[in-house]
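Descriptive analysis of the structure
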Amino acid sequence: MKAGHPPSKQMPPEELPPAPEATLVRKSQQGDTGAFGELVALHQHKVFATLYNATRNEQDAWDLAQETFLKAWRNIGRFQGQSSFSTWLYRISTNVSIDWLRRRANRASQTGVELDDSVTPRQIAPGAVTAPREAPSPQSGVEGAEIGERIEEALSRLSPEHRAVITLRELDGLSYEEIADACGCSVGTVMSRLFYARKKLQTTLRDLYETL
């Protein structure tokens with residue numbers, strides 16, 4: 001070793017940055033299951049949360065999440081990137097939850113709720129409250145639980161389509177445009193369904209609103 005030259009240090013290998021989502025999608029479309037597994041890891045918690053908000057049951061939500069990702073894997077070749085991958089997943093998970101709600105509730109015979117998409121956007125206040133966000137001065141956890149059960153029962157009376165838009169808007173916080181993409185309908189239809197669902201919930205939970 002020459003004098004005046006310090007010994008060279010071996011640098012630890014740098015961790016590679018995670019692959020961009022677009023790269024993972026492209027690899028998945030080429031049949032790379034590892035890349036698709038990374039996409040699942042990126043989105044599984046959000047997908048689960050959306051499905052849990054729709055079903056209110058942890059096991060059902062996990063089962064439907066598995067169904068969502070299985071359908072995504074089978075159809076990823078059709079994804080053309082016209083929307084984000086997460087929006088595409090929202091569309092699949094929304095359809096999965098609607099199908100599940102239909103099967104469980106036998107919508108036509110049990111709910112008696114008909115779709116009414118004729119309401120115009122002018123009739124809708126975008127910031128309208130859907131359901132009480134807080135218990136009306138709860139005195140105990142029991143009261144809060146009872147109110148939660150009332151709200152859940154009211155939600156169960158909605159058609160799957162109306163419950164889907166309420167869930168995506170009020171619980172997941174999606175914009176009207178994002179909900180329209182997820183549900184495969186127009187923004188006007190989203191707004192009218194929200195209007196109908198909010199009115200239905202307000203009627204069903206009238207006594208709770210009056211105490212707020």
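For the structure itself, look to the data block above.
Below, the structure is looked at part by part. None of the values given here were measured: they were computed from a predicted structure.

Attention shifts here to unusual backbone geometry. The bulk of non-glycine residues show a negative phi, and the bulk of peptide bonds are trans. Residues other than glycine seldom take positive phi values, yet Arg56 does so here, at roughly 60 degrees. By the secondary structure assignment, Arg56 is in the loop between helix H2 (33–55) and helix H3 (58–75). Arg56 sits in the partly exposed class, given a relative accessible area of 36%.

Here a disulfide denotes one covalent bond, and it connects the sulfur atoms of two cysteines. With the rule as written, the count across this model stands at zero disulfides. Cys183 carries a free sulfur, and the closest cysteine sulfur to it, the one in Cys185, is 5.1 Å from it. You can call Cys183 buried: its relative accessible area is 17%.

Inside soluble globular proteins, nonpolar side chains tend to come together where they are buried. One finds Phe36, Leu39, Phe85 and Trp88 to be the most contacted residues of the largest nonpolar core, which totals 23 residues. For this core, the secondary structure elements donating two or more residues are helix H1 (21–29), H2, H3 and helix H4 (85–105). When near neighbours in sequence (up to four residues on either side) are disregarded, Trp88 contacts Ala72, Asn75, Ile76, Phe79 and Ser83. Membership of the second largest hydrophobic core comes to 21 residues, among which are Tyr90, Ile151, Leu201 and Leu205.

Next up on the list: the packing of aromatic side chains. A complete count under the given rule lists six aromatic pairs for this structure. Residues Phe48 and Tyr52 carry aromatic rings whose centres are separated by 6.1 Å and whose planes lie at 25 degrees to one another, so their mutual orientation is stacked. Here Tyr52 and Phe48 lie together in helix H2, a separation of four residues that amounts to about one turn. Phe48 sits in the buried class, given a relative accessible area of 17%. Taking relative accessible area as the criterion, Tyr52 reaches 30% and is therefore assigned partly exposed. Aromatic side chains Phe85 and Trp88 sit 5.7 Å apart centroid to centroid with 40 degrees between the ring planes, which places their arrangement in the tilted category. Note that Phe85 and Trp88 are positioned in helix H4 at a spacing of three residues, about one turn of the helix. In this structure Phe85 comes out as buried when scored by relative accessible area, which is 3%. Assessed through its relative accessible area of 10%, Trp88 is described here as buried.

Conventions used here
- Residues numbered from 1 in each chain as written.
- Predicted model: local features only at pLDDT ≥ 70, side-chain atom pairs only at ≥ 80, totals over all residues.
- Heavy atoms only, no water.
- Helix = DSSP H or I, 4+ residues; strand = E, 2+ residues; numbered from the N terminus.
- Buried < 20%, exposed > 50% of the residue type's maximum accessible area, 1.4 Å probe, protein only.
- Disulfide = S-S within 2.5 Å.
- Core = buried A, V, L, I, M, F, W, Y, C linked by side-chain atoms within 4.5 Å.
- Contact = heavy atoms within 4.5 Å.
- Phe/Tyr/Trp six-rings, centres within 6.5 Å; stacked < 30°, edge-to-face > 60°.

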